[in-house]
Amino acid sequence: EVIQAHPELARDYGWALTLTGRLSEGNAYLHQAELSAQGNEALLGSILVAFAYNLRAGGDNPKAIEVARRALAILPQEDALSRSLVALTLGLAYWNYGDFKESERAFAECEQAAQKSGNQYARMTALTYLGIIQGVFGHLHHAAELCRQVIRLGGDSPTVAPAHIELGALLYEWNDLDTAVEHLQIGIQQSKLIGNPGILCDGYRT
């Protein structure tokens, strides 16, 4: 009852539930926070960022894009952290649609905002997907360079797992099989640490 009476607490608890995979519970708190924050645009914007992330994680890409666009319309330009997170959601949602041009645009915005705010997770994720998109477009050397940039930035952080796996796939295309295996093994090991089955499956499949 206390959490639901304070939209800031409901937002933060909704984030925590979302990021630990309890999406339906998180959705309920974020929806309550949204209703309670009407009229307070600064607070409402930050709630919509979390709400859009929750919707995208749950597979509702159209609704996630709609809510993310609402958030961008009211978030202050100086709130680089929130803007990086909502751009990340847009990039992933458009990627899921197969709209690679819009996804690329959103990830580029995410990378710039994340760099300003110091959000290394969002920045590395955006750079990795920008690399993957370059691979889809057939620009394989550019894709590989973006993946290597992420690996240099992230070091041993588990968040660079997708970059290792994408780089492994590119090296496989170039028949550099030994180096490909090295990157794939690192990516698989790091994926186990973050518990993302999608990334892990990509690594095993490649």
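Structure: see above.
Rules behind the numbers
- Residues numbered from 1 in each chain as written.
- Predicted model: local features only at pLDDT ≥ 70, side-chain atom pairs only at ≥ 80, totals over all residues.
- Heavy atoms only, no water.
- Axes fitted to C-alpha atoms, helices over the stretch in contact; angles between N-to-C directions.
- Helix = DSSP H or I, 4+ residues; strand = E, 2+ residues; numbered from the N terminus.
- Parallel < 35°, antiparallel > 145°, perpendicular 65-115°, else oblique.
- Left-handed = near helix turned anticlockwise from the far one by under 90°.
- Contact = heavy atoms within 4.5 Å.
- Nonpolar A, V, L, I, M, F, W, Y, C, P; charged D, E, K, R; others polar.
- Expected span 1.5 Å × (residues − 1).
- Buried < 20%, exposed > 50% of the residue type's maximum accessible area, 1.4 Å probe, protein only.
- Core = buried A, V, L, I, M, F, W, Y, C linked by side-chain atoms within 4.5 Å.
- 1 Å grid on protein atoms, 1.4 Å probe; cavity = no way out; pocket = protein on both sides within 12 Å on 5 of 7 lines; lining within 4 Å.
- Points joined across faces, edges and corners; volume = space filled by probe spheres on them.

### Brief notes about the packing of helix α6 (residues 80-97) against helix α7 (residues 100-117)
And step 1. Interhelical geometry of α6 versus α7 gives an angle of 160° and a closest axis separation of 7 Å. As summarised for this structure, α6 and α7 are arranged roughly antiparallel, according to the angle between their axes. The hand of the α6/α7 crossing is left-handed. Along its contact with α6, which presents Ala80, Leu81, Arg83, Ser84, Ala87, Leu88, Leu90, Gly91, Leu92, Tyr94 and Trp95, the element α7 presents Phe100, Glu102, Ser103, Ala106, Phe107, Glu109, Cys110, Ala113, Ala114, Lys116 and Ser117.
And step 2. By residue class, the composition of the contact of α6 with α7 is 14 nonpolar, four polar and four charged.

### Regarding helix α11 (residues 177-194)
And step 1. Look at α11: 26 Å from first C-alpha to last across 18 residues, which is about the 26 Å you get at 1.5 Å a residue.
And step 2. When α11 is considered as a whole, its buried residues turn out to be Ala180, His183, Leu184, Gly187, Ile188, Gln190 and Ser191.
And step 3. Buried-residue contacts for α11 involve α9 (140-154), α10 (161-173) and α12 (197-205).

### Considering the nonpolar core
And step 1. One finds Val49, Val86 and Leu90 to be the most contacted residues of the largest nonpolar core, which totals 28 residues.
And step 2. Listed by contribution, the elements that provide at least two residues to this core are α2 (7-19), α3 (23-36), α4 (41-57), α5 (61-74) and α6.
And step 3. Here this core takes ten residues from α4, the largest share from any one element.
And step 4. If near-sequence neighbours (up to four positions away) are discounted, valine 49 is found in contact with Trp15, Ala71, Leu75, Ser82, Leu85 and Val86.
And step 5. Formed by 24 residues, the second largest nonpolar core is a distinct cluster that contains Phe107, Leu130, Ile133 and Leu167.

### Re the environment of proline 7
And step 1. Residue placement: proline 7 occurs in helix α2.
And step 2. Through-space distance from the C-alpha of proline 7 to that of leucine 72 is 19 Å; in sequence the pair is 65 residues apart.
And step 3. Once residues lying within four places of it in the same chain are set aside, the contact partners of proline 7 are Ala33, Ser36, Ala37, Leu43 and Ile47.

### Thoughts on the layout of surface pockets
And step 1. By volume, the largest pocket is sized at about 1000 Å³.
And step 2. Taken together, 30 residues make up the lining of the largest pocket; nearest its centre are Arg56, Tyr121, Tyr129, Asn196 and Ile199.
And step 3. Counting residues per element, the ones that place at least two in the lining of the largest pocket are α2, α4, α6, α8 (120-136), α10 and α12.
And step 4. A total of six residues in the lining of the largest pocket trace back to one element, the largest contributor, which is α8.
And step 5. Of the pockets and cavities examined, the second largest pocket occupies roughly 240 Å³.
And step 6. Taken together, Leu72, Gln77, Glu78, Ala80, Arg83, Ala87, Glu109, Gln112, Ala113 and Lys116 make up the lining of the second largest pocket.
And step 7. Of all the secondary-structure elements, those providing two or more residues to the lining of the second largest pocket are α6 and α7.
And step 8. No other element matches α7, which puts four residues into the lining of the second largest pocket.
And step 9. Classifying every residue of the lining of the second largest pocket by side-chain character gives four nonpolar, two polar and four charged.

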